[in-house]
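Residue strings, one per chain:
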Amino acid sequence: MSGVVVVADRVLTLVQREGRQWAVCLAVDTGQELWRTDLSAAYRNQMGDGPRATPTVAGNQVFVLTGEGILKALQLRDGSEVWSANLLKELQASPADYGMACSPLVVGDRVIVTVGAAEATVVALDTRTGKIAWRAGQDAPAGYSSPALLEVAGRKQIVAFHGAGALGLDPQSGDELWS
């Protein structure tokens, strides 16, 4: 269910096969597999199996989110893992009914995803280390859209739709601007 990302001479996506979820990188001109990285066990769900999110490329890193909410940073050149964070486990959240479908958003040195945890509807992690930089929102389920960086009322902000509404957040601090 993942979309594809084209960056220079590469095509990236997430797939499920051989009982696992994989990040896959193909040559844009030949379709030859350049690398694939094992992300986690197969994701099975009554709404359909496999990863849902589309990878995000920022600089030399690829950010991926599995169906059960594991966020990983990979090297674009070879798919090697930089860091991994099991967000739902760490934040004590449950996966959305359909599975975790939010594609990561990178703003500066933050990678931002909608998690739907009791004390972290949206979370930002440091792109270099995977450590949580900020948490925002409370008691709102994850939903299925991806956060976006928009200019609203003359101010750049993260706008994230969740399962019960929307939030406007400061990109660096996570401070709630509106809901």
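Scope of this entry: the structure provided in the associated data block.

Criteria and cut-off values
Counting restarts for each chain: residues are numbered from 1 in the order of the written sequence. Two thresholds apply to this predicted model, a pLDDT of at least 70 for residue-level local features and 80 or more for giving and counting side-chain atom pairs, whereas whole-chain, interface and lining totals are computed over all residues. Note that water and hydrogens are dropped before the side-chain values are worked out from all heavy atoms of the structure. To qualify as a nonpolar core, a set must consist of buried Ala, Val, Leu, Ile, Met, Phe, Trp, Tyr and Cys residues joined through side-chain atoms within 4.5 Å. Summary of the burial criterion: residues with accessible area below 20% of their type's maximum are buried, those above 50% are exposed, and those between are partly exposed, where the area comes from a 1.4 Å probe applied to protein chains only. Contact between two residues is taken to exist if any of their heavy atoms lie within 4.5 Å; hydrogens are not considered. Only runs of H or I of at least four residues qualify as helices and only runs of E of at least two qualify as strands under DSSP, and these elements are numbered from the N terminus. For two strands to be treated as a pair, DSSP must find at least two bridges joining them. Computed over the protein atoms alone on a 1 Å grid, cavities are sets of points where a 1.4 Å probe fits but cannot get out and pockets are open sets with protein on both sides within 12 Å along at least five of seven lines; a residue lines them when it has an atom within 4 Å of a point. Grid points are joined across faces, edges and corners, and a volume is the space filled by probe spheres set on the points. When a carboxyl oxygen of Asp or Glu lies within 4 Å of a side-chain nitrogen of Lys or Arg, that pair is called a salt bridge.

### Some thoughts on the nonpolar core
Nonpolar side chains tend toward joint burial in soluble globular proteins.
Link 1 in the chain: Leu71, Trp83, Leu87, Val113, Val115, Val123 and Leu125 are the most contacted members of the largest nonpolar core, which has 22 residues in total.
Link 2 in the chain: Among all residues touching valine 113, those that are not within four sequence positions of it are Leu71, Leu87, Cys102, Pro104, Thr121, Val122, Val123 and Pro147.

### A word on the pairing of strand E11 (residues 120–126)
Link 1 in the chain: Within E11, seven of the seven residues are buried, which leaves it mostly tucked inside the rest of the structure.
Link 2 in the chain: Summarising the sheet, strand E10 (residues 110–117) and E11 pair through six bridges and their orientation is antiparallel. When the sheet's bridge partners are listed, alanine 117 is paired in E11 with alanine 120.
Link 3 in the chain: From the end of E10 to the start of E11, which pair antiparallel, there are two residues.
Link 4 in the chain: One ladder, built from four bridges, connects E11 with strand E12 (residues 132–136); its direction is antiparallel. Looking at E12, one finds that valine 122 is bridged to alanine 136.
Link 5 in the chain: The hairpin formed by E11 and E12 contains five residues between the paired strands, and glycine 130 there has a positive phi angle of roughly 80°.

### Comments concerning empty space enclosed by the protein
Link 1 in the chain: In the structure shown here, the tally under the stated rule is one cavity of 30 Å³ or more.
Link 2 in the chain: Roughly 30 Å³ of internal volume is contained in the largest cavity.
Link 3 in the chain: Around the largest cavity, the lining residues are Leu65, Gly69, Leu87, Leu88, Met100, Val113, Thr114 and Val115.
Link 4 in the chain: The greatest single-element share of the lining of the largest cavity, amounting to three residues, is contributed by E10.

### Re the pattern of salt bridges
Two side chains that carry opposite charge are able to pair once their charged atoms sit near each other.
Link 1 in the chain: Within this structure, the stated rule accounts for eleven salt bridges.
Link 2 in the chain: Linking glutamate 33 and arginine 17 is a salt bridge whose minimum nitrogen-to-oxygen distance equals 2.9 Å. One end of the pair, glutamate 33, is in strand E4 (residues 33–41); the other, arginine 17, is in strand E2 (residues 10–17), and 16 residues separate them in sequence.
Link 3 in the chain: Note on glutamate 33: relative accessible area 35%, which makes it partly exposed.
Link 4 in the chain: You can call arginine 17 partly exposed: its relative accessible area is 32%.
Link 5 in the chain: As a salt-bridge pair, lysine 72 and glutamate 81 come within 2.9 Å of each other at their nearest N and O atoms.
Link 6 in the chain: Looking at lysine 72, the relative accessible area reads 8%, which means it is buried.
Link 7 in the chain: A single salt-bridge network, built from bridges that share partners, covers Arg17, Glu18, Glu33 and Arg36.

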